[in-house]
Amino acid sequence: MTITQQREVNLDSARHYVEQVYQAVQQRNPGEHEFHQAVKEILDSLVPVFAKHPKFQEQGILERLVEPERLITFRVPWVDDQGKVQVNRGFRVQFSSAIGPYKGGLRFHPSVNASIIKFLGFEQIFKNSLTGLPIGGGKGGSDFDPKGKSDLEVMRFTQSFMTELSKYIGPDTDIPAGDIGVGAREIGYMFGQYKRLYGNETGVLTGKGLPYGGSLTRTEATGYGLVYFTAEMLASRGESFAGKTVVVSGSGNVSIYAIEKAQQFGAKVVACSDSNGYIYDSNGINLDTVKRLKEVERKRIKEYVNEHRAAKYVEGCRSIWSIPCDIALPCATQNEIDETSAKQLVAGGVKYVAEGANMPSSLEAIEVYLKNDVYFGPAKAANAGGVAVSALEMSQNSARLSWTFEEVDDKLKDIMKNIYRNSVHAAEEYGHAGNLVVGSNIAGFLKVANAMLAHGIV
Ligand code: GLU
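The structure contained in this document is the topic of the report that follows. (Residues numbered from 1 in each chain as written. Predicted model: local features only at pLDDT ≥ 70, side-chain atom pairs only at ≥ 80, totals over all residues. Heavy atoms only, no water.)

**Quick word on the overall build of the chain**
Argument step 1. The helix and strand tally for the chain stands at 18 helices and 12 strands.
Argument step 2. Taken against the 2.2 N^0.38 rule, which gives 23 Å for 458 residues, the C-alpha radius of gyration of the chain at 21 Å falls within 12% of a compact globule.
Argument step 3. Counting over 458 residues, the chain shows a buried share of 56%.
Argument step 4. Intrachain contacts of the chain at a sequence separation of at least 6 include 72% that bridge at least 24 residues.
Argument step 5. As presented, the chain carries roughly 18500 Å² of accessible surface, and 50% of it is formed by carbon and sulfur atoms. (Helix = DSSP H or I, 4+ residues; strand = E, 2+ residues; numbered from the N terminus. Rg over C-alpha atoms; globule rule 2.2 N^0.38 Å. Buried < 20%, exposed > 50% of the residue type's maximum accessible area, 1.4 Å probe, protein only. Contact = heavy atoms within 4.5 Å. Areas by Shrake-Rupley, 256 points an atom, 1.4 Å probe, with all protein chains shown as cover.)

Pasting the structure below:
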């Protein structure tokens, strides 16, 4: 048999193995479509790794990795402003501690269930590994909807949530942070409750406020990191953000700071959205207005057009992807770009898509990008800046000091550059040059898999 033939045989058997593991995941986790999707994307990328390194298969690395170390669910009772008892469900998945303590955000959103938490936790393992920092993968949250709740309701809910969650976390074991629906206010209430129960364990949460152990640049980190990563993608093709038209979805923390950095780099950002609809401003979005509406007044994005008459508001989010642009930065939520939306983006001339949200593109959408030579930056590489700065917050907490904004921002830039470079190299090494999905999945996986090999069967 020639070397090429042998390589084909190895690839075939790796494909078969990965398919078997995927089928077992589907059977064992029925109905958990988001979790299946996240597993499928990673497993398909890893075929060349299993073909090259049989020891990973022999040691059951994949079978172990797709099963969370622990999934905790709990009741969260609280009393609303009318005096009525409400019950939500709380989750924490401690997915993998192979390379460090569990690390990952908490999401408060009515769509939260075991499938969503497991997809997010699974992705977090590889994302955290890519940062180059010693953090394992975890995620949590609740089906509680902070939208429309009073401050006191949010406080009562988060206190009840933390009272239970606190039993499972700690600065060296599991360190939650924010995600959709969990920002500075929620982190503040949760930290207050934890402190009341166990004392001042500064490092137990990240994304904290600056007066009590937070890190400068953490608020901006995911959005800025996304733009630093995209700038690397652009530079590899001899381009930059300057003069480019950009569409950003969402108007939360990730979107706002992605818009800010893209504008600083000279791009024109023409659209952003919330869960009700989107605004299109051909003059370029006025970020001060968006910040005030969203961060201070907690209002809907449609209010923007009352202050900027040339802008228009469109109810519903899907058609935001039909706006012609050079760069699309989906920063809202999972599966916000399906096959049809991806085709609209291509028709509108998009050249780069980089993900600020977690898994915003469906598997079919990714196929469309790859077929049409759209350079695609997948979430676990492109949005890793948030959790990377969370890890820097943990370092500062342990050392009992605070770095300046510039110090943290410089480290963030380096981390995003390294993630880009490592993903490019891994893709080349395993025969998929230019494919950052394959590259980032492989680069993230190898470190975790090698740590698991070193630890034995645990
Ligand atoms: N929720 C963010 C993410 O998806 C940040 C997690 C963290 O800072 O721990 O990566």
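What follows picks up the thread again.
**Focus: the nonpolar core**
Argument step 1. Of all hydrophobic cores here, the largest spans 56 residues; its most connected members are F229, M233, F241, V246, V290, L329 and I419.
Argument step 2. With eight residues, helix α9 (residues 218–236) is the largest single contributor of residues to this core.
Argument step 3. Counting 46 residues, the second largest nonpolar core, distinct from the first, contains V47, V93, F95 and V112. (Core = buried A, V, L, I, M, F, W, Y, C linked by side-chain atoms within 4.5 Å.)

**Notes on a nonpolar patch on the surface**
Argument step 1. Taken together, the side chains of V79, V85 and V87 present a nonpolar region at the surface, about 260 Å² in accessible area.
Argument step 2. Locating V87 in the fold gives a position in strand β2 (residues 85–96). (Patch = residues over 30% accessible without salt bridge, like charges linked within 9 Å, V, L, I, M, F, W, Y side chains within 5 Å. Salt bridge = Lys/Arg side-chain N within 4 Å of Asp/Glu carboxyl O.)

**Considering the packing of helix α16 (residues 385–399) against helix α17 (residues 405–429)**
Argument step 1. The interhelical angle for the contact between α16 and α17, taken along N-to-C directions, is 135°, at an axis separation of 10 Å. By the angle between their directions, the pair α16 and α17 is classed as oblique. Along this stretch, α16 crosses α17, giving a crossing that reads as right-handed. Between α16 and α17, the residues in contact are G385, A388, V389, L392 and Q396 and V408, K411, L412, I415 and M416, respectively. (Axes fitted to C-alpha atoms, helices over the stretch in contact; angles between N-to-C directions. Parallel < 35°, antiparallel > 145°, perpendicular 65-115°, else oblique. Left-handed = near helix turned anticlockwise from the far one by under 90°.)

**As for the site of the ligand**
Argument step 1. If you check the shell around the ligand, you find 14 residues, and the closest are K103, K127, G178, D179 and S390.
Argument step 2. Between S390 and the ligand, the recorded distance is 2.6 Å, taken from a side-chain N or O atom to an oxygen atom.
Argument step 3. Mapped by element, the contributors of at least two residues to the shell around the ligand are β3 (102–108), α6 (114–130) and α16. (Near = heavy atom within 4 Å. Polar contact = N/O pair within 3.5 Å; in protein donor to acceptor, adjacent residues only side chain to side chain.)

**Looking at the packing of helix α1 (residues 3–28) against helix α2 (residues 33–45)**
Argument step 1. Their axes nearest at 10 Å, the elements α1 and α2 cross at an angle of 170°. As judged from the angle between their axes, α1 and α2 are roughly antiparallel. Where α1 abuts α2, its residues V18, E19, V21, Y22, V25 and Q26 lie against F35, H36, V39, K40, L43 and D44.

**Topic: the sheet that holds strand β10 (residues 327–329)**
Argument step 1. Read from one edge of the open sheet, seven strands run β9-β8-β7-β6-β10-β11-β12, paired in mixed fashion. For this open sheet the edge positions go to β9 (312–315) and β12 (375–377), each flanked by a neighbour on one side alone. Neighbour-to-neighbour, the strand axes of this sheet turn through a mean angle of 15°, independent of strand direction.
Argument step 2. As paired elements, strand β8 (residues 277–280) and β9 share four bridges and run antiparallel to each other. Directly across from I279, in β9, lies its bridge partner Y313. (Pairing = 2+ DSSP bridges.)

**Side note on the pattern of salt bridges**
Argument step 1. Scanning the entire structure with this criterion turns up 27 salt bridges.
Argument step 2. A salt bridge links D81 to R156; the nearest nitrogen and oxygen atoms lie 2.6 Å apart. Placement of D81 in the loop between β1 (70–79) and β2 and of R156 in helix α7 (residues 151–165) is noted, with a sequence separation of 75 residues between them.
Argument step 3. We note a salt bridge from D338 to R318, for which the minimum N-O separation is 3.7 Å. Separated by 20 residues along the polypeptide, D338 in the loop between β10 and α13 (339–347) and R318 in the loop between β9 and β10 bring together distant segments of the chain.
Argument step 4. Residue class for R318 comes out partly exposed when judged on its relative accessible area of 43%.
Argument step 5. Via salt bridges that share partners, R292, E297, K299 and E307 belong to a single interconnected network.

**Quick word on the pairing of β2**
Argument step 1. Pairing between β1 and β2: 10 bridges, direction antiparallel. Within the sheet, the bridge partner assigned to R75 lies in β2 and is R89.
Argument step 2. Here β1 folds back onto β2, and the loop between the two strands holds five residues, one of which, G83, carries a positive phi near 85°.
Argument step 3. In terms of strand pairing, β2 meets strand β4 (residues 136–142) through six bridges, oriented antiparallel. Bridged to S96 within β4 is G137.

**A short note on the packing of aromatic side chains**
Aromatic ring pairs: the centre-centre distance and the angle between the two ring planes describe each pair.
Argument step 1. The tally for this structure, following the rule as stated, stands at 25 aromatic pairs.
Argument step 2. Between Y224 and Y257 the ring centres are 6.3 Å apart and the planes differ by 65°, which places this aromatic pair in the edge-to-face class. Here Y257 lies in helix α10 (residues 253–264) and Y224 lies in helix α9, a separation of 33 residues in the sequence. Across the pair, Y257 and Y224 agree in class, each one buried.
Argument step 3. Here the aromatic residues F74, W78, F108, F144, F157 and F161 are joined through ring pairs into a cluster of three or more.
Argument step 4. Over the ring of Y22 we find K40, and its NZ or CZ is 5.2 Å from the ring centre.
Argument step 5. A cation over an aromatic ring shows up here: K52 above the ring of Y430, its NZ or CZ 4.7 Å from the ring centre. (Phe/Tyr/Trp six-rings, centres within 6.5 Å; stacked < 30°, edge-to-face > 60°. Lys NZ or Arg CZ within 6 Å of the ring centre and 35° of its normal.)

**Comments concerning α16**
Argument step 1. The terminal C-alpha atoms of α16, which comprises 15 residues, lie 21 Å apart, in line with the 21 Å expected from a rise of 1.5 Å per residue.
Argument step 2. When you tally the buried positions in α16, you get 12 out of 15 residues, the bulk of the element.
Argument step 3. Turning to α16, its buried residues number three or more, namely G385, G386, V387, A388, V389, S390, A391, L392, E393, M394, Q396 and N397.
Argument step 4. Against the buried residues of α16 lie β3, α6, β5 (174–177), α9 and α17. (Expected span 1.5 Å × (residues − 1).)

Take it as geometry only, folks, not as evidence of what the structure does.
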